[in-house]
Amino acid sequence: MKSRNLKILLSLFAFNAFCLYLYFTYHPDAHAPPPPTNHRHTSSLTQTQTHRHHHQNPLTKPWPILPSYLPWSLNPNPPFRSCEAYFGNGFSQPLHLLKSPSLNPAGWFRCYYSQTLRSSVCEGGRIRMHPERIRMSRGGERLDEVMGRGEDEELPEFDVGAFEIEVVDDDNDNDSNGLSGGGGDRKLVDSEFLDQYLQRGGISKHTMRSLVDSIRLVGAKDFQCSEWVEEPTLLVTRFEYANVFHTVTDWYSAYVASRVTGLPYRPNLVFVDGHCVAPLEETWRALFSSLRYAKNFTGPVCFRHAILAPLGYETALFKGLTEDIDCHGASAHDLWQKPDDRKTARLHEFGEMIRAAFGFPVDKHRTSKPVSGHNVLFVRREDYLAHPRHGGKVQSRLSNEQEVFDALKSWVSDHSECKINLINGLFAHMPMKEQVRAIQDASVIIGAHGAGLTHIVSATPKTVILEIISSEYRRPHFALIAKWKGLEYHSIYLAGSYAKPAEVIKKLVSILKGLDC
């Protein structure tokens, strides 16, 4: 027996050492700062050098080591509509729109198109943003200061030249793919490029498409900046920014864009929108190195390296609501040993990223009964003021939510087979870090259909989900996330919005038996 245990321990050690080797092989710059550059003067780096050797500010955050991480460049061309194409690096078609000349420093721009998602991740260098040419509210205000403000005021409208890229005046070394115009109004792309690689789809206001359409090419003599941002910076426009589900799609898109472009450390973030501060901003700040609002810059600001993330509506998390994405969650270990186009570990990786961003350990997964007992988290829906157009009342999805919670509490107090801790998930009045902690520590998560259940993206692999679904809200959001993460999922369908407490308890008893409780 001792000999067998020793062999198991040695095998686990060897596997972990191999995983660390892979991680640092594909992250050569993750912990070693590149050569410094001058903050206020023109760099002599070529396009490739600019992409690979950033000036690293001491305040930038390194990527954490994630147990479920698999190299994003492992499969450079994943099969169409495979799980890696949906959730990982399906952005495999490079589109070089503007190449930096080898002798003179100048701007560059390229996109990576995903045929599966029908969207693009784009990036460029020496890009100038004119805040005054972006028509939207300032953003970043307190909610009580902007009550009643319309959503159209908060979403950006880009004037011509809102963004510009520096080019060599007599540049003849650039590809013509997608470039249009000439003279003093040289556009980066034409409408044909936009229609093919930045498709509107069903999105009425595609802000990334409009941003790229606004980009103009300007000569070096006209390229003056009031501020340079040396570190890689993500430019993000948020829709439905106070809704957890839609914000998680934005987080995921930003994370994917960072990995697709091979950033050596976590980028800065600029919100190209005019939304006020919201509680979900806490996670944005935890995930990335810094955060600013576009309108908070006082003059033309130049980015040494800017990345444009697709809209959250273009992620698999959202598209899966209307498309059949037949993928199942699996461990990175299993997929490394036996690749499978119908399985993915990317949502495990993303959930670990969220937990690690808040400083929670991600190197251990629950495999047996916790010593302190099983946490049963009941995610509640509460009234709270979400955004300037919100009245503060949340529509109930479970009309007798308090009755169900009280019944569970009474049952737990009388349960003697094993220790159970019933957690009252009042998420609307909890900091985001504490919400993530509650999800991480839960053995079972119960809740009525609602955006708060999107937090299950951060759940550990052995967590069990129980969703209570009223007749009015039979939507697949959380069943799909559970499937894509490989979580055990159960549901209770109601005839209306009233749940019989005894039925909920019966289902919980069955789940706990599966956990040896």
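Further up the page is the structure itself.
The structure displayed is predicted, hence computed values, not measured ones.

J.: Requested: an account of the pattern of salt bridges, with residues and values cited.
T.: Inspection of every chain in the model, using the stated rule, returns 22 salt bridges. Residue E84 pairs with R346 through a salt bridge whose shortest N-O separation is 2.9 Å. You can see E84 sitting in helix α3 (residues 83–87) and its partner R346 sitting in helix α11 (residues 346–357), a full 262 residues away along the chain. Classification of R346 by relative accessible area gives buried; the value is 5%. Of the charged contacts, one joins R142 and D144 as a salt bridge, the two residues approaching to 3.1 Å between their closest N and O atoms. Note on accessibility: R142 and D144 belong to one class, exposed. In the salt-bridge network here, residues are joined through shared partners; they are E141, R149, E154 and R389.

J.: Explain the sheet that holds strand β20 (residues 442–448) to me, using residue names and the numbers behind them.
T.: Taken together, 5 strands build an open sheet; the order of strands is β19-β18-β20-β21-β22 and the sheet is parallel. Edge strands, defined here as strands with exactly one partner in the open sheet, are β19 (420–425) and β22 (488–493). Looking at each pair of strands side by side, their axes are set apart by 15° on average, direction ignored. In terms of strand pairing, β20 meets strand β21 (residues 464–469) through 5 bridges, oriented parallel. Note that in β21 the partner of G447 across the bridge is E467. The strands touched by helix α12 (residues 401–414) within the sheet are β18 (374–379), β19 and β20, with β19 carrying the most contacts at an inclination of about 160°.

J.: Give a detailed account of the packing of aromatic side chains, specifying residues and quantitative values.
T.: According to the stated counting rule, one finds 17 aromatic pairs in the structure shown. Their ring planes at 50° and their centres at 5.0 Å tell us that F193 and Y197 sit as a pair that is tilted. Taken as a pair, F193 and Y197 lie in helix α5 (residues 191–197) at a separation of 4 residues, close to a single helical turn. The exposure classification of F193 matches that of Y197, with both residues buried. Seen in terms of ring centroids, Y313 and F318 are 5.1 Å apart; in terms of plane orientation they differ by 65°. Their pairing is edge-to-face. Aromatic rings pair up to connect W63, W72, Y252, Y255 and F350 into one cluster. Over the face of the ring belonging to W72 we find R346, whose NZ or CZ atom lies 4.1 Å from the ring centre.

About the cut-offs
- Residues numbered from 1 in each chain as written.
- Predicted model: local features only at pLDDT ≥ 70, side-chain atom pairs only at ≥ 80, totals over all residues.
- Heavy atoms only, no water.
- Salt bridge = Lys/Arg side-chain N within 4 Å of Asp/Glu carboxyl O.
- Helix = DSSP H or I, 4+ residues; strand = E, 2+ residues; numbered from the N terminus.
- Buried < 20%, exposed > 50% of the residue type's maximum accessible area, 1.4 Å probe, protein only.
- Pairing = 2+ DSSP bridges.
- Axes fitted to C-alpha atoms, helices over the stretch in contact; angles between N-to-C directions.
- Contact = heavy atoms within 4.5 Å.
- Phe/Tyr/Trp six-rings, centres within 6.5 Å; stacked < 30°, edge-to-face > 60°.
- Lys NZ or Arg CZ within 6 Å of the ring centre and 35° of its normal.

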